[in-house]
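Survey of secondary and tertiary structure
Given next are the chains, with one letter for each unit.
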Amino acid sequence: MSRVLITGSSDGLGFMAARLLVADGHSVTLHARSQARADDTRAALPEADGAVVGDLSTLAGMRQVAEQADASGRFDAIIHNAGVGYREVRRVETPDGLGQVFAVNVLAPYLLTCLIDRPDRLVYLSSGMHRGGNPDLDDPQWARRRWNGAQAYSDSKLFDVVLAFAVARLWPDVLANAVTPGWVPTKMGGPGAPDDMSLAPVTQAWLAVSTDPAAMVSGDYFYHQQPADPHPAAREIPVQDELLSYCAGLAEVELPR
Ligand SMILES: NC(=O)c1ccc[n+]([C@@H]2O[C@H](COP(=O)([O-])OP(=O)(O)OC[C@H]3O[C@@H](n4cnc5c(N)ncnc54)[C@H](OP(=O)(O)O)[C@@H]3O)[C@@H](O)[C@H]2O)c1
């Protein structure tokens, strides 16, 4: 039995992964943006062990989630799943003055990784769209460029793979991997999404808990339980170091070495 935290598990793939894991007898801690969302989610999955609450678009919310997670005890695995959309029609700025897509999709998994007691396994939700991402950190929050929601999302999902591979390199005692679930009809994916919904939460749950040797690897990118080709920039150490230092500057927290 493993103890697993899943961010953004009030809906979509996070909730589905939680359901799979509790059905296999694992102890799952849910996460939602508000107490009301957490209460609804716990009612929908009463087998879950608990829930942490915090809005991952703000630095205070990220810290709140990390504090509650640590107060509940050490996790064996954390699935960084919370994410926002690839079809944002305009750039949204958070109360901290950050670009929302970058804050939720990249800075939150970075800061939670830094702050929460190091688990044995970390899984970061990326997307096939990351392969069209731009690893350039000149304007990753789209503060100066004309907004392109699909590109901003693709960039953020590339940074998730970069983050996963950086953590895999720097924390050799932790298994850290990235996953694309396929394009599926969740709230984010939209009703026309063509991929297989039943497979979409499986790989991240498997990477979090399975003792299958294929799941006990680190620094890989998976699609439907198979290694897939990540954007080549994700394996470049200077790209990884630049992302870590950019996030450290924003969050004022360095990844512990
Ligand atoms: N669906 C796809 O086709 C697809 C494809 C590739 C990758 N992905 C990735 O898979 C992950 C899950 O996506 P999904 O399709 O399950 O999306 P979803 O149905 O929209 O669910 C997203 C989850 O993240 C939570 N969340 C979003 N912003 C948050 C915030 N500021 N604070 C706290 N929680 C927040 C949502 O909470 P609320 O319910 O309160 O909004 C929800 O629980 C994402 O990282 C996404 O990029 C999805």
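Structural data are supplied above this passage.
A brief look at the structure comes next. (Residues numbered from 1 in each chain as written. Predicted model: local features only at pLDDT ≥ 70, side-chain atom pairs only at ≥ 80, totals over all residues. Heavy atoms only, no water.)

1. So, unusual backbone geometry
Peptide bonds are trans in most cases, and residues, glycine excluded, mostly fall at negative phi. Note the threshold: By definition, any uninterrupted DSSP run of H or I lasting at least four residues is a helix, any uninterrupted run of E lasting at least two residues is a strand, and each is numbered from the N terminus.
With phi around 50°, H224 is a residue other than glycine that occupies positive phi space. Structurally, H224 is set in the loop between β7 (221-223) and β8 (226-227). A positive phi is found at Q225, a non-glycine position, where the angle reads about 65°. As for its position among the elements, Q225 is in the loop between β7 and β8.

2. Side note on the environment of V184
In plain terms, the rule: In what follows, residue pairs with any heavy atoms lying within 4.5 Å of each other are defined as contacts.
By the secondary structure assignment, V184 is in the loop between β6 (175-180) and α6 (202-209). Along the backbone, V184 and A164 are 20 residues apart, and their C-alpha atoms lie at a distance of 22 Å. When neighbours within four sequence positions are excluded, V184 is seen to be in contact with L13, G189, G190, A193, D195, D196, M197 and A200.

3. Details of the packing of helix α4 (residues 100-115) against helix α5 (residues 149-170)
The test is simple: Lines fitted to the C-alpha atoms define the axes, with helices restricted to the stretch that makes contact. Angles between their N-to-C directions range from 0 to 180 degrees. Here the word oblique covers every angle except those under 35 degrees (roughly parallel), over 145 (roughly antiparallel) and from 65 to 115 (roughly perpendicular). The nonpolar class holds Ala, Val, Leu, Ile, Met, Phe, Trp, Tyr, Cys and Pro. Asp, Glu, Lys and Arg form the charged class, and all remaining residues, Gly among them, are polar.
Closest axis-to-axis distance for the α4/α5 pair is 8 Å, and the angle between their directions is 10°. The orientation of α4 relative to α5 falls into the category roughly parallel. Mapping the contact onto sequence places V101, F102, N105, V106, P109, Y110 and T113 in α4 and A152, Y153, S156, K157, F159, D160, L163 and V167 in α5. Here the contact of α4 with α5 is built from residues that sort into 10 nonpolar, 3 polar and 2 charged.

4. Focus on α5
The criterion, for reference: One less than the residue count of a helix, multiplied by 1.5 Å, gives the span that helix is expected to have. Between buried and exposed lies partly exposed: a residue is buried under 20% and exposed over 50% of the maximum accessible area for its type, with that area taken using a 1.4 Å probe on protein chains only. Here a polar contact means two N or O atoms within 3.5 Å. Within protein one must be a hydrogen donor candidate and the other an acceptor candidate, and residues neighboring in sequence count only if both atoms are side-chain atoms.
Look at α5: 31 Å from first C-alpha to last across 22 residues, which is about the 32 Å you get at 1.5 Å a residue. For α5, a buried count of 18 out of 22 residues is recorded, marking the element as mostly surrounded by other parts of the structure. At the N-terminal end of α5, a side-chain oxygen is found 3.2 Å from the backbone nitrogen of A150, two or three residues along, and the residue is N148.

5. Let's talk about the packing of aromatic side chains
Heads up, the rule is: What counts as a ring pair is set by centres within 6.5 Å for rings of Phe, Tyr and Trp (its six-membered ring), and what kind of pair is set by the plane angle: stacked under 30 degrees, edge-to-face over 60, tilted for all other angles. Note on geometry: a ring has a charge over it if NZ (lysine) or CZ (arginine) is within 6 Å of the ring centre and within 35 degrees of the ring normal.
Summed over the entire model, instances satisfying the criterion amount to 6 aromatic pairs. Ring centres of Y86 and W183 lie 6.5 Å apart, and the angle between their planes is 85°; on these two criteria the pair is classed as edge-to-face. Residue Y86 is located in the loop between β4 (77-80) and α4, and its partner W183 is located in the loop between β6 and α6; the two are separated by 97 residues in the primary sequence. For Y86, a relative accessible area of 12% puts it in the buried group. According to the relative accessible area criterion, W183 is partly exposed, its value standing at 45%. Seen from their ring centres, F102 and F159 are 6.0 Å apart, and the 75° between their planes marks the pair as edge-to-face. Here F102 is found in helix α4, whereas its partner F159 is found in helix α5, with 57 residues between them in sequence. For F159, a relative accessible area of 1% translates into the label buried. Linked through ring pairs, Y86, Y153 and W183 together constitute an aromatic cluster. Cation over ring: R118 sits above W171, and NZ or CZ is 3.9 Å from the ring centre.

6. What to know about the sheet that holds β6
Short version of the rule: Strands qualify as paired when DSSP identifies two bridges or more between them.
Strand order in the open sheet formed by 8 strands is β3-β2-β1-β4-β5-β6-β7-β8, with mixed pairing between adjacent strands. Lying at the two open borders of the sheet, with one neighbouring strand each, are β3 (50-53) and β8. Pairing geometry for β7 and β8, over 2 bridges, is antiparallel. Residue pairing in the sheet places F222 in a bridge with P227 of β8.

7. Topic: the site of the ligand
Applied cut-off: Here, proximity means that at least one heavy atom of the residue falls within 4 Å of the molecule or strand.
Taken together, 31 residues sit near the ligand, with L13, R37, Y153, V184 and T186 positioned nearest. The contact in question runs from a nitrogen atom of the ligand to an N or O atom on the backbone of S57, over 3.4 Å. K187 is positioned with one of its side-chain polar atoms (N or O) 2.8 Å from an oxygen atom of the ligand. Listing elements by their share of the shell around the ligand, those giving two or more residues are α1 (12-23) and α5. When its residues are assigned to classes, the shell around the ligand shows 11 nonpolar, 14 polar and 6 charged.

8. Remarks on the pairing of strand β1 (residues 3-6)
Within a regular beta strand, the side chains point alternately toward one face of the sheet and then the other, so they alternate between its two faces. Burial along β1 is two-sided: R3 and L5 and V4 and I6, pointing in opposite directions, are all buried. Of the strand pairs in this sheet, β1 and strand β2 (residues 27-32) are connected by 3 bridges, and their pairing is parallel. Pairing of R3 across the sheet is with S27, part of β2. Of the pairings in the sheet, the one linking β1 to β4 comprises 3 bridges and is parallel in character. Residue pairing for β4: V4 is matched across the bridge by A77.

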